[in-house]
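Residues per chain are reported as follows:
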Amino acid sequence: MAVISYIEAVTQALKEEMERDEDVFVLGEDVGKRGGVFQATKGLYEEFGEKRVIDTPLAESAIVGVGIGAAMYGLRPVAEMQFSDFMLPAANQIISEAAKTRYRSNNDWSAPITIRAPYGGGVHGGLYHSQSMEAIFANVPGLKIVMPSTPYDVKGLLKSSIRSNDPVIFYEHKRAYRLIKGEVPDQEYTLPIGKADIKREGTDVTVITYGLAVHFALKAAEKLAADGISTHILDLRTVYPLDKEAVIDAARKTGKVLLVTEDTKEGSVISEVAATIAENCLFDLDAPVRRLAAPDAPSMPYAAPLEKQFLITPEKVEQAIRDLAEF
Amino acid sequence: MSVRQMEMPQLGESVTEGTISQWLVSVGDKVSKYDPIAEITTDKVNAEVPSSFSGKITALLAEEGDTLPVGKVMCSIETSEGEPAAEAVPDQTSAATSSADTDQDQSMKKRYSPAVLRLAQENDVDLEQLTGSGRSGRITRKDVEHFIASGKAAQQHSSSAPSAAHTGSAASFSEAVAQAVPKRSEPAVQSEAGDIDIPLTGVRRAIARNMVRSKHEIPHAWTMIEVDVTNLVNYRNQIKNIFHKKEGTKLTYLPFFIKAIVAALKEFPRINSTWAGDRIIEKKAVNISLAVAAEDALYVPVIRHADEKSIKGLAIAVNEMAAKVRENRLSPDDMQGGTFTINNTGSFGSIESQPIINYPQAAILSIESIVKRPVVVNDMIAIRDMVNLCISIDHRVLDGLVTGHFLARVKERLENISPENTPIY
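Residues numbered from 1 in each chain as written. Chains lettered and ligands numbered in written order. Predicted model: local features only at pLDDT ≥ 70, side-chain atom pairs only at ≥ 80, totals over all residues.

Caption draft 1: Focus on the overall build of chain A. Assigned secondary structure in chain A consists of 13 helices and 14 strands. Evaluated residue by residue, chain A yields a buried proportion of 54% over its 327 residues. (Helix = DSSP H or I, 4+ residues; strand = E, 2+ residues; numbered from the N terminus. Buried ≥ 20, exposed ≤ 12 C-beta atoms within 10 Å, placed from the backbone.)

What follows is the structure, encoded as structure tokens:
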């Protein structure tokens, strides 16, 4: 098993899928010669050529629109949004076209497109390079939204996304790209979309989260274990549609649930998780369900101290778990 | 010099806690032994706590309104009295700090989460027996799970089963109610701006608990008779001044009523009984509980062996009880052992009432106002002194027939009161 970074997992998955299936191609801003602004597509242009690694204009609507068209004709496009912040010009293509193609055509057509987008803050990115955009797409039936936390999950889930016969939005935390490293098997594997994963077993408090916050929770849990507080951590991995069964099981496990997202609080993905728990777990709950999220402010601030204040941190997660444990 | 600690005293046999209604001293005050330092309210009685030491108050360890278990430290007093060498000063301070540590807020102790309630119900756990490890004493799901895993739940259950069998269905009924109705915090009644929140005293709490218990468990039935007490009124008016002069105490109508009722109770002992689940116990002693209203509470002191007292004896007993209530001198013993309750509602002008039985007795009787009314006597209209007697009975124990006979006997005795057949002594 090799230890690789989060972004290397992205590159490996793309490379292996392109090798496996010649219908797979990538398109996006600077994905070709430049290898992507984060270097996620590094080396693909050299290996697969300009017809399968396509540099596009700064036009997200076109990137996704072209991808949908190609997908409908049988190809497997992987469209890159340079930052998830810039997805909104493509929102019409994603919500009104990609998500509804199968339904509208009575199952005659489908749009097996994967839309990759780096999201998230903590990189001193300010207003236009820090946002979490998942909630905007997380009530659009027809879409799947995958948000992995580890290199292992990234690789396995990106492959499944590319092989999925329906559109998938694949969010990659840009701060995790080089921060998070992990073991990945040498042999071929995929992971199922729509399945959450228990990242740590525990008995006192359940933390349900996704993305980079999973690592905050793991770090906090490690510290709290020394104080005798046992934390159960569920990584959603797919935030839409939710793995309700796993959410319910995890909530029942301890009866004290902390939900964590880097997104702003109201109407976020974890709000739906909270509703699922409320609908199903009343008689197992031992404390009010708590949400730890960014404040409901318009944007992540640029100034470093304010950014830190805005973001969730391992310390904030630790405090919230401790608070629930003591409840 | 040493620091001694005053503990919450035990103010009666079954008393387990007391509420500090008022501190009579402050930090820094000098007190002598036996000086009152605080007023305590318990379920049964209000009392002043005398100091056990002479010295200076150094700390009050509870607020007014705090309820402390018996034996809990209330305050500390610096005293110059000699003391056993074993009680060294460092021990005292460590004891004080540890008691301060355990003196935690227990406000969440009875706030049960859905998970805790469900587990308790499914496994027959009496949550009162658990100690909460959560914030402010809250019992957590884990606490219940540990309790169940430790096997104590089964023990708790098996130990409660035989006692239920002994006392029979009444006990199991109340237990069944307690189990069927999940313990929940009462719905919060919000006070609005300008409303006044009145904290509950121990007595108020006890009244509420007893009333609810009685109404919950006892199927009440109610009846009323009217009695012509013209003879009684005349007789009492005739002798009251002489009596007062001679005995130094007032002669009211009440002793006459008690006398008649007690005599009837001797004839119908079933009225003087109690429901025991699998049987009815007819009480040998005739101890009359007398409902006496205080400013904002109701006490029921007991006149013991009322059947052995003359009208004069009853008059003295009634006045003494009334004085004790007024002066806040009732002891818990004064309120125990009643077998039948008399309620003098007439004293505030009532002419009809439906009293709630004083649990676990079988009946309670209200004496209403004596009023002059036109009534038909020998086919003529006459102005007579009339009084209504209202009785509530435990219909498990008593039926209408025996109650009717009992009331008829009371009526007969009252209507036949005369200087000839009603001696005062």
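Caption draft 2: The arrangement of the overall build of chain B in detail. The number of helices and strands found in chain B is ten helices and 17 strands. Relative to its 425 residues, chain B shows a buried fraction of 31%. The contacts in chain B between residues at least 6 apart in sequence include a share of 64% that link residues at least 24 apart. (Contact = placed C-beta atoms within 7 Å.)

Caption draft 3: Just helix α3 (residues 60-72) of chain A, in detail. Residues and elements named next belong to chain A. Across its 13 residues, α3 extends 18 Å between first and last C-alpha, which sits within 8% of the 18 Å expected from 1.5 Å per residue. Turning to α3, its buried residues number three or more, namely Glu-60, Ile-63, Val-64, Gly-67, Ile-68 and Ala-71. Viewed along the axis of α3, the buried residues span an arc of 130 degrees, placing them on a single side of the element. Contacts made by the buried residues of α3 are with β2 (24-28), β4 (76-80), α4 (91-97) and β5 (114-119). Of the residues flanking the end of α3, it is Gly-74, one or two places downstream, whose phi is positive at about 105 degrees. (Expected span 1.5 Å × (residues − 1). Arc of directions from axis to C-beta.)

Caption draft 4: Just unusual backbone geometry, in detail. Cis geometry is found at the peptide bond from A:Tyr240 to A:Pro241, where omega equals -10 degrees. Among the structural elements, A:Pro241 can be located in the loop between β12 (238-240) and α10 (244-254). Residue B:Tyr359 is joined to B:Pro360 through a cis peptide bond whose omega torsion reads 0 degrees. Position of B:Pro360 relative to the elements: it lies in the loop between β15 (340-343) and β16 (363-377). Here the phi dihedral of A:Arg237 falls at roughly 65 degrees; this positive angle occurs in a residue that is not glycine. Along the polypeptide, A:Arg237 turns up in the loop between β11 (231-235) and β12. Even without glycine at this site, B:Asn378 takes up a positive phi of about 50 degrees.

Caption draft 5: Spotlight on the interface of chain B and chain A. The interface of chain B with chain A comprises ten residues on the first partner and nine residues on the second. Split by residue class, the side of chain B that touches chain A holds three nonpolar, three polar and four charged. (Nonpolar A, V, L, I, M, F, W, Y, C, P; charged D, E, K, R; others polar.)

Caption draft 6: Region of the structure containing the confidence of the model for chain B. All names here are of chain B. When the pLDDT values of chain B are averaged, the result is 83; 84% of them are 70 or greater. Every residue in residues 84-102 scores below 50 in pLDDT, and together they form five contacts with partners more than four places removed in sequence or on other chains. Predicted confidence for residues 179-185 stays below pLDDT 50, and this span has seven contacts to residues more than four positions away or in other chains. Two numbers describe this predicted complex: its pTM, 0.55, and its ipTM, 0.82. (pLDDT = per-residue confidence, 0-100.)

Caption draft 7: Main features of the packing of helix α8 (residues 254-267) of chain B against helix α10 (residues 400-415) of chain B. Residues and elements named next belong to chain B. With their axes 9 Å apart at the nearest point, α8 and α10 run at an angle of 140 degrees to one another. Taken together, the axis directions place α8 and α10 in an arrangement best described as oblique. The handedness of the crossing between α8 and α10 is right-handed. Counted together, Ala-260, Ile-261, Ala-263, Ala-264 and Glu-267 of α8 and Phe-406, Arg-409, Val-410, Arg-413 and Leu-414 of α10 form the full contact between these two elements. A class-by-class count of the residues in the contact of α8 with α10 yields seven nonpolar, no polar and three charged. (Axes fitted to C-alpha atoms, helices over the stretch in contact; angles between N-to-C directions. Parallel < 35°, antiparallel > 145°, perpendicular 65-115°, else oblique. Left-handed = near helix turned anticlockwise from the far one by under 90°.)

Caption draft 8: Examining the nonpolar core more closely. In terms of nonpolar packing, the biggest core is built from 116 residues, with A:Ile145, A:Ala217, A:Leu258 and A:Ile321 touching the most fellow members. Those residues in contact with A:Ile145 that lie beyond four places of it in its chain are A:Glu134, A:Phe137, A:Ala138, A:Ile169, A:Tyr171, A:Thr238, A:Val239 and A:Tyr240. Counting 72 residues, the second-largest nonpolar core is a separate cluster that includes B:Leu11, B:Ile37, B:Leu389 and B:Ile391. (Core = buried A, V, L, I, M, F, W, Y, C linked by C-beta atoms within 7 Å.)

Caption draft 9: Here's a closer look at the sheet that holds β5(A). All names here are of chain A. Read from one edge to the other, the open sheet built from seven strands follows the order β3-β2-β4-β5-β7-β6-β12, with strand pairing classed as mixed. Bordering the open sheet on either side are β3 (53-55) and β12, each of which pairs with just one other strand. When the angles between neighbouring strand axes are averaged without regard to direction, this sheet yields 25 degrees. Both β2 and β3 contribute to a ladder of three bridges, which runs parallel. (Pairing = 2+ DSSP bridges.)

Caption draft 10: Summary view of the packing of α8(B) against helix α9 (residues 311-326) of chain B. All names here are of chain B. Following both chains from N to C, one finds α8 and α9 inclined at 120 degrees, their axes separated by 9 Å at the closest point. With respect to α9, the axis of α8 lies oblique. Here α8 and α9 pass one another in a crossing that is right-handed. Only Ile-311, Leu-314, Ala-315 and Val-318 of α9 make contact with α8, whose side of the interface consists of Leu-254, Pro-255, Phe-256, Ile-258 and Lys-259. Taken together, the residues that form the contact of α8 with α9 break down as eight nonpolar, no polar and one charged.

Caption draft 11: A look at the pairing of strand β6 (residues 55-60) of chain B. All names here are of chain B. Direction of pairing for strand β3 (residues 30-31) relative to β6: antiparallel, over a ladder of two bridges. Bridge pairing in β6 links Lys-30 to Lys-56. Note that β6 and strand β8 (residues 73-79) share four bridges and pair antiparallel. Residue pairing across strands places Ile-57 opposite Ile-77, the latter belonging to β8.

Caption draft 12: Region of interest: helix α11 (residues 269-280) of chain A. Counted at 1.5 Å a residue, the expected span for α11(A) with its twelve residues is 16 Å, and the 17 Å between its end C-alpha atoms agrees. The inward-facing, buried residues of α11(A) contact α6 (134-137), β10 (205-209), β12, α10, β13 (257-264) and β14 (290-294) of chain A.

Caption draft 13: How the structure looks around the sheet that holds β6(B). Reading across the sheet, the four strands line up as β1-β8-β6-β3 (chain B) and stay open at both edges, with antiparallel pairing between neighbours. With partners counted over all chains shown, the strands left at the sheet margins are β1 (2-7) and β3 of chain B, one partner each.

Caption draft 14: Quick look at the environment of A:His129. Residue and element names in this part refer to chain A. Following the sequence through the fold, His-129 ends up in the loop between β5 and α6. You can call His-129 buried: it has 20 C-beta atoms within 10 Å. Residues His-129 and Phe-83 lie 46 residues apart in sequence; the distance between their C-alpha atoms is 6.5 Å.

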